[in-house]
Amino acid sequence: MEKLRWGVIGAGGIADRRTIPGMLQAQNAELVAVMEIRQDFAEQLKQKYGARRAYAREEDLLSDPEVDAVYIASPVVEHARQARLAADYRKHILLEKPVAMTSTEGQQVLDYCAQRGVQIGAGLMMRFGSHVRNMKNAIAQGKIGQVVSGYSQFTLWLPDGAGNWRLEKARSGGGCMMDMGVHTIDLMEYITGMRVTRVAALNETITFSYDVEDTSTLLLRMENGAQCVVQTNFNIPDEAAKWRMEFFGTRGRLMGDTIIGQIDGGALNALFLEGDRQYDPGQDHQDEAGVEIPGEFGNLYTREIESFSHSILTGARLEVPARDAVRVQRIMESAYRSGEEGRILAIE
């Protein structure tokens, strides 16, 4: 099988924990080179994953003739510069979200890549989750009728002094919403097949002292008028967290428990109702148990790499184009403005 040859820029962090191990399992991908700003660390990662070469400079990796595409997982503040540089070397790009510090800068990156004939995808790997796709298929088939409500909760514990660039606004662009909400806002649109048209938000730093939000709640109005809530936190202990994705419609519901995150798994409970529904004046609520939908679980990152590699090798459409991440960033920027100005804002 033909394989896409990869280089990794920013090979520590999420690349080390998740993406490179997933890449090594991909049938149509091969790891050629890794880059980290410390040469000794890059050498360690080379040995750990059996890469051919290790670099401490982006230019050295990008000039490697055996590298066809790059995965970029550096701090957000570096994304736009590194993506443009990769495009200059005509390397296709899988870029972690968000694409850049602002949606305007992100769009400029997309335009730059297009001018150079380079494909660019975004690291919204949760789209490849088994139950995420089960939800999307059920809604597309009309199994819960008209979607009228959605809810997601995605949280973690990230205290002061963690030494994490995500807590520095100048390097990350934002806090829990920017880091985690980007996924769940995207999934609201991806699963329902509808776009967000208006947003209202509250973003606060209530537990810690860093300069990004540790608590965020968004209210999203979808194209059909459905109202969806997206909650993200950096101040809920991991042991207490519940990662949820839920949708309710005129003919049923979909309730996903731990179906989002970095591991494909969790449980999806569905209730699909038949026949016309009548008003019940007694309101004798009967909580139907529903059914558990089976999942075909796998490695999200392997699926992500295989999908991107397939598109580059065959010319197929990218499943997760970076323009989708730029759109989500526009929504988030409006959400930040909404919280600051205390008003509901339209999304173009």
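Residues numbered from 1 in each chain as written. Predicted model: local features only at pLDDT ≥ 70, side-chain atom pairs only at ≥ 80, totals over all residues. Heavy atoms only, no water.

As named in an unreviewed UniProt entry, the protein chain is Gfo/Idh/MocA family oxidoreductase, taken from Candidatus Pullichristensenella excrementigallinarum.

Draft legend 1. Looking closely at the environment of Met 177. Tracing the backbone through its elements, the reader meets Met 177 in helix 8 (residues 176-192). On the basis of relative accessibility, which here comes to 1%, the residue Met 177 falls in the buried class. Met 177 has contacts with Val 182, Asn 203, Glu 213, Ser 216, Leu 218, Thr 232, Met 332, Ala 335 and Tyr 336, leaving out every residue within four places of it along the chain. (Helix = DSSP H or I, 4+ residues; strand = E, 2+ residues; numbered from the N terminus. Buried < 20%, exposed > 50% of the residue type's maximum accessible area, 1.4 Å probe, protein only. Contact = heavy atoms within 4.5 Å.)

Draft legend 2. Summary view of the sheet that holds strand 6 (residues 120-122). The parallel open sheet is built from 6 strands, whose spatial order is 3-2-1-4-5-6. Two strands lie at the open edges of the sheet, namely strand 3 (53-55) and strand 6, each paired on one side alone. Neighbour to neighbour, the strand axes of the sheet diverge by 25° on average, direction disregarded. Here strand 5 (residues 92-95) pairs with strand 6 via 3 bridges, running parallel. Considered in strand 6, the bridge of Ile 93 is made with Ile 120. Sitting on the sheet, helix 9 (residues 300-314) is in contact with strand 1 (4-9), strand 2 (29-35), strand 4 (69-72), strand 5 and strand 6, with an inclination near 125° to strand 1. (Pairing = 2+ DSSP bridges. Axes fitted to C-alpha atoms, helices over the stretch in contact; angles between N-to-C directions.)

Draft legend 3. Structural view of helix 9. When the terminal C-alpha atoms of helix 9 are compared, their 21 Å separation across 15 residues agrees well with the 21 Å that a helix rising 1.5 Å per residue should span. Leu 300, Tyr 301, Thr 302, Glu 304, Ile 305, Ser 307, Phe 308, Ser 309, Ser 311 and Ile 312 are the residues of helix 9 that are buried. For helix 9, the secondary structure elements touched by its buried residues are strand 1, helix 1 (13-25), strand 2, strand 4, strand 5 and strand 6. Where helix 9 begins, one side-chain oxygen reaches toward the backbone nitrogen of Tyr 301, 2.8 Å away; that side chain belongs to Asn 299. Directly after helix 9, the chain includes Gly 315, whose backbone phi takes a positive value near 85°. (Expected span 1.5 Å × (residues − 1). Polar contact = N/O pair within 3.5 Å; in protein donor to acceptor, adjacent residues only side chain to side chain.)

Draft legend 4. The state of the cysteines, seen in detail. Throughout the structure, instances matching the rule amount to 0 disulfides. For the unlinked cysteine Cys 176, the closest cysteine sulfur is that of Cys 228, found at 18 Å. When its relative accessible area of 0% is taken as the criterion, Cys 176 is described as buried. (Disulfide = S-S within 2.5 Å.)

Draft legend 5. The sheet that holds strand 7 (residues 147-155), seen in detail. The strand order across the open sheet formed by 9 strands is 14-13-12-11-7-10-9-8-15, and the pairing between neighbours is mixed. In this open sheet, the two edge strands, each paired with only one partner strand, are strand 14 (291-293) and strand 15 (345-346). With 8 bridges connecting them, strand 8 (residues 196-204) and strand 9 (residues 215-222) associate as antiparallel partners. Along strand 9, the bridge assignment pairs Leu 202 with Thr 217.

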